[in-house]
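# Tertiary structure, described
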Amino acid sequence: MNPPQTLRFAFAGLAANKVRSMLTMLGVLIGVAAVILLLAVGNGSSAAVKASISALGTDALTVTSGTGNSSTSTATSTKPLTVADAKALADTAKAPDIKGVAPEVTTSGTALYQGVSHSVSSIVGTYTAYFEASNSKVAKGDYFSNDDVLNDRKVVVIGSTTATDLFGTISPIGKQITIGSTPFTVVGELATKGGSGFQDPDDVIVAPLTTVQNAFTGFGSLSQIVVQAASSSTITAAQNEISTILMGQHGITSASAADFQISSATSLLSTQASTTQTFTVLLGAVAGISLLVGGIGITNIMLVTVTERTREIGIRKAIGAPKGVILGQFLAEAILLSIIGAGLGVLVALFGAHFTIVSIKPVIMPSSVYGSFGISVAIGLFFGSYPANRAASLRPIEALRHE
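The structure presented is a predicted model; accordingly, all values stated were derived computationally and were not measured.

## Focus: the confidence of the model for the chain
The predicted model of the chain has a mean per-residue pLDDT of 81, with 83% of residues at 70 or higher. Of all helices and strands in the chain, the one with the weakest mean pLDDT is helix 13 (residues 396-401) (62), whereas strand 5 (residues 155-158) scores best (96).

In structure tokens form, the structure reads like this:
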């Protein structure tokens, strides 16, 4: 029997039990779609985090309080970061590789404009150096000035998400919003950074440090200090200068006793890449179980099919059909179940990738499409080989006696 005839008989065999065939293909479809979509979610999560980190700027360094690793640190106490620390880092004589320093305090709150309220996830009090250090550009209006910081002026620059939720399509520049009980004038709107993680980087309000401290946080410790290196090539030198200056500020003589951490976009990206790879592999392994279940389903269905068609097999062998023809037909049916189910699974996954899943926009990897499709077909071949071989090995006389 030639290949076209084998395929024709295989299609006829599947069509004879439409419901059973559809249920089997559904199992394969779910497996393939799960593999592609879960890997796409992992990839989308990685892309979102990478975009958020990269948006900080390749020459930015972030200083936070704490040792980070209590098992290797010998620090006996942790001093909070202060404005005095930030001013020390801004000394160009001691830190020639540092271009800008922006101390930060961060809080959250509800902004109100003409009866419209919006819960802002991040209200940042800082210096003007923050905008360049964090790669935050204005799309409308302008930044606040150093004079605004010195004079504790109630002016803000808002993110695009905050602007849209409060003002809709009208320009926010010059409008007055209320945060808590304090009125602020909007002087600028930041360009959209984007990102589809759990925290929207565009849902932000940035105000002068002294203003936020007066109105919300008080004049205590800083949340962090953002430092801009002179260039991306001087990141390491700037990091060493930060470490030396802060150790002096905090009275620390040994690097192992440092009570602060310094991170850069490069180190964050490296850590994120490692974490995401593990996460993606885990998702792929979980989804792969679905494919295995689909393969077992093919085995069960094909065994039932062989049992039901035992007399047909006996008749075909009695009139001269060789073992290879019987084997080929049932293998073709098993592979067809896999191919059709996998094809439908790919279509479902491509459609599903157009939607946001757990706040993440899936990013389909071509390798996952080709890989899951190929593995599905291989599983159909593997799990269909036993029922096919069993059918081909039946003795004609025993098959003809079967009721």
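## Side note on the UniProt feature "transmembrane region" (unreviewed entry) in the chain
This chain's UniProt record puts "transmembrane region" (unreviewed entry) on residues 279-304, 325-351 and 363-386. Secondary structure content for residues 325-351 is 100% helix and 0% strand, while the C-alpha to C-alpha distance between its ends is 39 Å. From the first C-alpha to the last, residues 363-386 spans 37 Å; its make-up is 88% helix and 0% strand.

## Description of the pattern of salt bridges
What the rule picks out here adds up to four salt bridges. Where Glu132 meets Lys99, a salt bridge forms, and the shortest distance between an N and an O atom there is 2.7 Å. In this pair, Glu132 sits in helix 4 (residues 129-133) while Lys99 sits in strand 2 (residues 98-113), placing the two residues 33 residues apart along the sequence. Glu132 gets classed as partly exposed once you look at its relative accessible area, which sits at 45%. Residues Arg153 and Asp148 are paired through a salt bridge, measuring 3.0 Å at the closest nitrogen-oxygen approach. Connected through salt bridges with shared partners, the residues Asp147, Asp148 and Arg153 form a single ionic network.

## A word on the side chain of Asp203
By secondary structure assignment, the location of Asp203 is in the loop between strand 7 (182-190) and strand 8 (204-208). Buried and unpaired, Asp203 has Lys193 as its nearest opposite-charge partner, separated by 13 Å. A polar contact is formed between the side chain of Asp203 and the side chain of His118, at a distance of 2.7 Å. Among the polar contacts made by the side chain of Asp203, one reaches the side chain of Thr162 at a distance of 3.0 Å.

## Points about the packing of aromatic side chains
We describe a pair of aromatic rings using the distance from one ring centre to the other and the angle between the two ring planes. Under the definition given, this model contains six aromatic pairs. With a centroid separation of 5.6 Å and 80° between ring planes, the pair formed by Tyr130 and Phe131 is classed as edge-to-face. Exposure remark for Tyr130: the relative accessible area of 10% places this residue in the buried category. You can call Phe131 buried: its relative accessible area is 2%. By the ring-pair criterion, three or more aromatic residues cluster together here, those being Tyr130, Phe131, Tyr143 and Phe144.

## With respect to the environment of Lys94
With respect to the helices, strands and loops of the structure, Lys94 is situated in the loop between helix 3 (83-89) and strand 2. Take Lys94: its relative accessible area is 55%, and that puts it in the exposed class. Measuring from C-alpha to C-alpha, the distance between Lys94 and Ile245 comes to 7.7 Å, with 151 residues separating the pair along the chain. If we skip the residues at most four places from it in the chain, Lys94 touches Glu241 and Ile245.

## Examining helix 8 (residues 235-249)
Count 3.6 residues to each turn of an α-helix, and residues three or four apart come out pointing the same way. With 15 residues, helix 8 ought to run about 21 Å at 1.5 Å a step, and its terminal C-alpha atoms sit 21 Å apart, in line with that. On its buried side, helix 8 packs onto strand 1 (60-65), helix 3, strand 2, strand 9 (224-229) and strand 10 (260-264).

## Overview of the pairing of strand 9
Within strand 9, five of the six residues are buried, which leaves it mostly tucked inside the rest of the structure. Where strand 1 meets strand 9, four bridges bridge the pair, whose relative direction is antiparallel. In the strand pairing of strand 9, Val63 is matched with Ile225. Pairing analysis gives six bridges linking strand 2 to strand 9, with the strands arranged antiparallel. Pairing of Val101 across the sheet is with Val227, part of strand 9.

Rules of the game
- Residues numbered from 1 in each chain as written.
- Predicted model: local features only at pLDDT ≥ 70, side-chain atom pairs only at ≥ 80, totals over all residues.
- Heavy atoms only, no water.
- pLDDT = per-residue confidence, 0-100.
- Helix = DSSP H or I, 4+ residues; strand = E, 2+ residues; numbered from the N terminus.
- UniProt positions renumbered as here; feature names shortened; annotations may be inferred.
- Salt bridge = Lys/Arg side-chain N within 4 Å of Asp/Glu carboxyl O.
- Buried < 20%, exposed > 50% of the residue type's maximum accessible area, 1.4 Å probe, protein only.
- Lys, Arg positive; Asp, Glu negative; His and termini not counted.
- Polar contact = N/O pair within 3.5 Å; in protein donor to acceptor, adjacent residues only side chain to side chain.
- Phe/Tyr/Trp six-rings, centres within 6.5 Å; stacked < 30°, edge-to-face > 60°.
- Contact = heavy atoms within 4.5 Å.
- Expected span 1.5 Å × (residues − 1).
- Pairing = 2+ DSSP bridges.

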